[in-house]
Structures are given as C-alpha cells and as structure tokens.
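Breakdown of the fold
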Amino acid sequence: MKIIDQPQISGLKILQPNVFNDERGYFYESYNYETFKNLGIEEVFVQDNQSYSKKNVIRGLHLQIPPFAQAKLVRVIKGAVLDVAVDLRKESPTYGQHFSVLLSEENQLQFYIPVGFAHGFAALQDHTVFAYKCSNVYHKNSERSILFNDKDLNINWNIAHPIVASKDLQAVCFKDFISPF
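From a predicted model like this one, the values you see are computed outputs, not experimental measurements.

Some thoughts on the pattern of salt bridges
- All told, the structure shown has 4 salt bridges when counted by the stated rule.
- Across the salt bridge formed by Lys-133 and Asp-48, the nearest N and O atoms sit 3.1 Å from each other. Taken together, the residues Lys-133 in strand β12 (residues 128–134) and Asp-48 in strand β5 (residues 47–53) connect sequence positions 85 residues apart.
- A relative accessible area of 18% means that Lys-133 is categorised as buried.
- Among the residues examined, Asp-48 registers a relative accessible area of 54% and is labelled exposed.

See below:
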C-alpha cells in the first residue's frame, strides 16, 4: 500500500494497494490497521457500509457532526465514481474547497477522508458498488447534508441529468452551513 501525493487539501489521502494479479484474477489487502498506521492513518474503523448505484446517481454531500463525526475510507468494488470531499474545517486555508478523484474497479484506488469534510460521489457506470469504512457509527440526529450542486462550491460532477435523493435536493447551501469543525 502506498500513498499517492495529493497536496491540494491537507488530510486527504489517495491510497494505492499492492495488487497481485495472476491467471485466476487478483488479490489485494484493502485494509490493515498496522499498514495504515505506518502511512499516518490511525483511525479505528467501526462500521462498514456498501451501496449500489445506477449510472448518474449522485449521493451527497454528507457528513455527521460531533460527537458522531466520521472519517471515511472509500473504494469502488464494481463500476466507477467521481468521489468528492469538501473541506469544512474553519481554520483550514482550503475551507470550502473541494477535491475529487476517480475511483474505479480498474484503478482500485482508495480515498481517505478525515473528520471535517463533507463527502459525496457520482456513479459513472451502471451497477456501481461503492464500499466504505467509517470511524464512527451512523447517528441519524448528527447527519447533515450540503447541496451537491451548490454554486459556491462549483463542483463539476460531469453529469447532465443527475439522479438525486429528495433529502439531498433539500440540503442546505454551503453559505448557510455552520461548520462545527
């Protein structure tokens, strides 16, 4: 496992696993606490989630506020996504900026998103399976959303006609979000 440099926003990390291919297919270790600790990621992940999405589905931008804030380790099992993290850390020089990365079954990259970020993704292929680890359990009353197409964030999702859940369409605008981070 190695970290691919991502200097735009501190704390975010793109990880590339060591993949072993042969005539049977492939194998890689997607998570090992000691390996991640040696890479500077000391989160203890307590919950795994998985979603299935059709092409053009956008999920996000989601977060949980303290004391249930979550760091996430995300990856794609099948298909491809444009994965996006928005910096919500008030003292950060990149507050309000976003970073996006293509995650796919082909590139097998993983994306580490620490506490203090909103997260979302756009499914770029049908039958996309997205998996992620969380450092805290889901807590409904701590859940928040920021509007995925907020003009101030200016995220280019590269999707002309997105499929979005009604709760995500009713999310707050970035300028109205009061960050607890």
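Once the structure has been displayed, the description carries forward.
Quick look at the sheet that holds β12
- Spatially, the 6 strands line up as an open sheet ordered β1-β2-β10-β7-β12-β5, and their pairing is antiparallel. Strands at the two margins of the open sheet, each flanked by one partner only, are β1 (2–4) and β5. Within the sheet, the average angular offset between the axes of one strand and its neighbour, ignoring direction, is 30°.
- Where β1 lies against strand β2 (residues 13–16), 3 bridges are found, and the strand directions are antiparallel. Considered in β2, the bridge of Ile-3 is made with Leu-15.

Side note on the pairing of strand β8 (residues 80–87)
- Most of β8 is tucked away, with 8 of its 8 residues classed as buried.
- Side chains Ala-80, Leu-82, Val-84 and Val-86 of β8 all project onto a buried face; the interleaved residues Val-81, Asp-83, Ala-85 and Asp-87 project onto the opposite face, where all are buried too.
- Two strands pair when backbone bridges link them, and β8 and strand β9 (residues 98–104) are joined in this way by 7 bridges, in the antiparallel orientation. In the strand pairing of β9, Ala-85 is matched with Phe-99.

About the cut-offs
- Residues numbered from 1 in each chain as written.
- Predicted model: local features only at pLDDT ≥ 70, side-chain atom pairs only at ≥ 80, totals over all residues.
- Heavy atoms only, no water.
- Salt bridge = Lys/Arg side-chain N within 4 Å of Asp/Glu carboxyl O.
- Helix = DSSP H or I, 4+ residues; strand = E, 2+ residues; numbered from the N terminus.
- Buried < 20%, exposed > 50% of the residue type's maximum accessible area, 1.4 Å probe, protein only.
- Pairing = 2+ DSSP bridges.
- Axes fitted to C-alpha atoms, helices over the stretch in contact; angles between N-to-C directions.

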